[in-house]
Amino acid sequence: PLVPAPVRGLRWSAATAAFQIEGARAAGGRGRSIWDDFVDAPGAVRDGSTAEPGPDSFHRYLEDVDLLTRLGVDRYRFSISWVRVQPTGAGGMNPEGIAYYDRVVDALLAAGITPFPTLYHWDLPSTLEAAGGWLARDTAERFADYAALVAEALGDRVKHWYTINEPVSTSLQGYAIGELAPGRQLLFESLPTVHHQLLAHGLATRVLREAGAETIGIVNNHTDVRPASPSAEDQAAAYVYDILHNRIFAEPVLLGRYPDIEALGMPPMPVEPGDLEIISTPTDVYGFNFYNPTTIAAAPPESPIPFVNVPTPGAPCTGFGPEWPIVPDALTDVLLDFHTRYADALPPIVIAENGASFPEPDSMTGPIDDQDRIAYLQGHIAAVERARDLGVRIDEYTVWSLLDNFEWAEGFTQRFGLVHVDHATGERTPKASFDWYRTHIEEAAR
Ligand code: FCB
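Residues numbered from 1 in each chain as written. Predicted model: local features only at pLDDT ≥ 70, side-chain atom pairs only at ≥ 80, totals over all residues. Heavy atoms only, no water.

Caption draft 1: How the structure looks around the overall build of the protein. Counting its regular elements, the protein contains 14 helices and 16 strands. If one aligns the C-alpha atoms of the protein with their principal axes, the spans along those axes are about 55 × 50 × 50 Å. Buried residues in the protein amount to 60% of all 446 residues. Within the protein, residue pairs in contact and separated by at least 24 positions form 76% of the contacts whose partners lie at least 6 positions apart. Surface accessibility of the protein: about 16,400 Å² in total, with carbon and sulfur atoms responsible for 54%. Measuring between centres, the 32 positive side-chain charges of the protein sit 4 Å from its 61 negative side-chain charges. (Helix = DSSP H or I, 4+ residues; strand = E, 2+ residues; numbered from the N terminus. Buried < 20%, exposed > 50% of the residue type's maximum accessible area, 1.4 Å probe, protein only. Contact = heavy atoms within 4.5 Å. Areas by Shrake-Rupley, 256 points an atom, 1.4 Å probe, with all protein chains shown as cover. Lys, Arg positive; Asp, Glu negative; His and termini not counted. Charge placed at Lys NZ, Arg CZ, Asp CG, Glu CD.)

Caption draft 2: Layout of the sheet that holds strand E7 (residues 225–227). Ordered in space as E7-E9-E10, the 3 strands form an open sheet in which the pairing is mixed. Of all the strands in the sheet, the pair left with one neighbour each is E7 and strand E10 (307–310). Adjacent strand axes in the sheet meet at a mean angle of 40 degrees when their direction is disregarded. The sheet contact formed by strand E9 (residues 294–298) and E10 spans 4 bridges and is antiparallel. The residue bridging Thr295 from the neighbouring strand is Val310, located in E10. (Pairing = 2+ DSSP bridges. Axes fitted to C-alpha atoms, helices over the stretch in contact; angles between N-to-C directions.)

Caption draft 3: How the structure looks around the site of the ligand. The local shell around the ligand consists of Gln20, His121, Trp122, Asn165, Glu166, Tyr291, Trp324, Glu353, Trp400, Glu407, Trp408 and Phe416. One of the side-chain N or O atoms of Glu166 is found 2.6 Å from an oxygen atom in the ligand. Contact distances for the ligand include 2.9 Å between an oxygen atom and a side-chain N or O atom of Trp408. Summarising the interface, the protein chains cover 95% of the accessible area of the ligand, which totals 290 Å² for the free molecule. Residues of the shell around the ligand, tallied by class, amount to 6 nonpolar, 3 polar and 3 charged. (Near = heavy atom within 4 Å. Polar contact = N/O pair within 3.5 Å; in protein donor to acceptor, adjacent residues only side chain to side chain. Nonpolar A, V, L, I, M, F, W, Y, C, P; charged D, E, K, R; others polar.)

Caption draft 4: Molecular detail of the packing of helix H13 (residues 371–389) against helix H14 (residues 432–445). Packing of H13 against H14 brings their axes to within 9 Å, and their N-to-C directions diverge by 30 degrees. In this view, H13 runs roughly parallel relative to H14, as classed from their interaxial angle. Residues Arg373, Ile374, Leu377, Gln378 and Ile381 of H13 form the contact with H14, whose participating residues are Ala432, Ser433, Trp436, Tyr437 and His440. For the contact of H13 with H14, the per-class residue count stands at 6 nonpolar, 3 polar and 1 charged. (Parallel < 35°, antiparallel > 145°, perpendicular 65-115°, else oblique.)

Caption draft 5: Structural detail: the pairing of strand E13 (residues 349–353). Of all 5 residues in E13, 5 are buried; the element is thus mostly enclosed. Sheet analysis places strand E8 (residues 286–289) next to E13, joined by 4 bridges and oriented parallel. Within the sheet, the bridge partner assigned to Asn289 lies in E13 and is Glu353. In this sheet, strand E14 (residues 394–400) lies alongside E13 in parallel orientation, the contact comprising 3 bridges.

Caption draft 6: Layout of H13. Under the 1.5 Å per step criterion, the end-to-end length of H13 is 27 Å for 19 residues, consistent within 8% with the ideal 27 Å. For H13, the complete set of buried residues consists of Arg373, Ile374, Tyr376, Leu377, His380, Ile381, Ala383, Val384, Ala387 and Arg388. Buried-residue contacts for H13 involve strand E1 (11–15), helix H12 (328–342), E13, E14 and H14. Following H13 by one or two positions, Gly391 has its phi on the positive side, about 105 degrees. (Expected span 1.5 Å × (residues − 1).)

As structure tokens, then:
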């Protein structure tokens, strides 16, 4: 495929996802997704919140577009809720559901902001989960049909698409250990969900291309995996973790093959003839989410999984505590690693998410002077620039998130926004980081 000319500076964007910002779960004929089931199950979400009302972007999206305009971003990454547009994951389009995205897209275009939606950011229709969810191959076919419906409705105005967000989180946290929806605890038996999500990505890529898309990419979450010590045991555990978190998601897409997981004692992927060609259908960009490095030690012999995640020594942490160490250099390292490992197979990278949560009040009592978030963003943007200087092709940087929103199993307890949201009233107030990012974008354009 023709590789587009490199952009001179980075393009700037900010991201959200449907279930995290829209609220209005019963509005406009919307169906139920695995996240509706998860939040309605008592005890599943830390603060018992149900994603409502929250930012309520279903009703307040014009305020979001106004904020994006003031921020000066080139693009907006949001996601389309499968169950708003196709309530049971099969059949025709729900006109009221797609009308919402029509309005969002039109408002963005009128404001001069390029829409860059994600088709799937974790909200699988409950009906499809009942039929096996991502364990079932048929879900990939259903996703391709859904992609075709959306492309038909929005493809005259939307030319840039992300297919699937962070299949690693769905597989490892959703199906292997159950921290995220659908809350299954299948350990290595969850591995077919990797293959079916990647197959869904490949099938949708073909559908979107046919519909005239200009930019298509998957969004993978990557981490810099570090052994906790030089011991052979810790190095071996880190090697396995790197395969499970990074390589089984990158390599089928980029190289058309899986790393040899059977050699590590894991069950084989349910690959059928032709699947890897579909999965490695060329894309225009590679969506890359980065938050933190991961330090891995060998697990005790009785453990069903061979590794444990341990604190990264000497690193300050975000609002998540030791799980989320702040190490900007780790981003440069993992980008360089991709550049050397995958070379010509790697299309231009777009950083599709990067950001941090810090403890902040629920209701505004005065301006939020979030210097720790500014330092995080500054450090990571500099890390991206260093990787570019060293030859890594990176075209875009996206902050997670435009708004404080529903942080999955953490509910409303973790705030990632450039904009504070009062989750009881929906009121939006830019933080100091909003002004910092706006100024940074302005200066970068000079
Ligand atoms: C990513 C998710 C995103 C958000 C951030 C904090 O893994 O893609 O929805 O929750 O983490």
